[in-house]
Amino acid sequence: MSHTPPVPDANQAPYPRQAPPPPSPAIAETAARAAARRAQDDADRERTRSVTLATLAGVGLGALAIGAVLLLSRDSEAPKAKAKAKRKKTTKKA
């Protein structure tokens, strides 16, 4: 009598009983090239994103600087407030 219970044929193990055979060299080489290409694409995408963000930040700072210069130049060209002229007191003649 065996110590293991009987298992139905349709029941599959949750993990493989044997290690899968190693991939053929051509498939492994193709997979390595595809992984390298994906890594290069990711690096290019990240570099493009960084350049785009830096450009947008530069344009935003430039617009802020131009706005500040225009605002400050407008205030310096504003006419100075004149001192109020004092009225002479006059008496009413009736």
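Residues numbered from 1 in each chain as written. Predicted model: local features only at pLDDT ≥ 70, side-chain atom pairs only at ≥ 80, totals over all residues. Heavy atoms only, no water.

Student: Would you mind showing me how to read the overall build of the protein chain here?
Tutor: In terms of regular secondary structure, the protein chain is built from one helix and zero strands. Taking all 94 residues of the protein chain together, 0% fall into the buried category. (Helix = DSSP H or I, 4+ residues; strand = E, 2+ residues; numbered from the N terminus. Buried < 20%, exposed > 50% of the residue type's maximum accessible area, 1.4 Å probe, protein only.)

Student: How should the pattern of salt bridges be read in this particular structure?
Tutor: Side-chain pairs of opposite charge can arise whenever the charged atoms involved come near each other. The tally for this structure, following the rule as stated, stands at four salt bridges. Among the ionic pairs, Glu 29 bridges to Arg 33, the shortest N-O distance being 3.0 Å. Residue Glu 29 and its partner Arg 33 are located together in helix 1 (residues 25-76), separated by four residues, close to a single helical turn. (Salt bridge = Lys/Arg side-chain N within 4 Å of Asp/Glu carboxyl O.)

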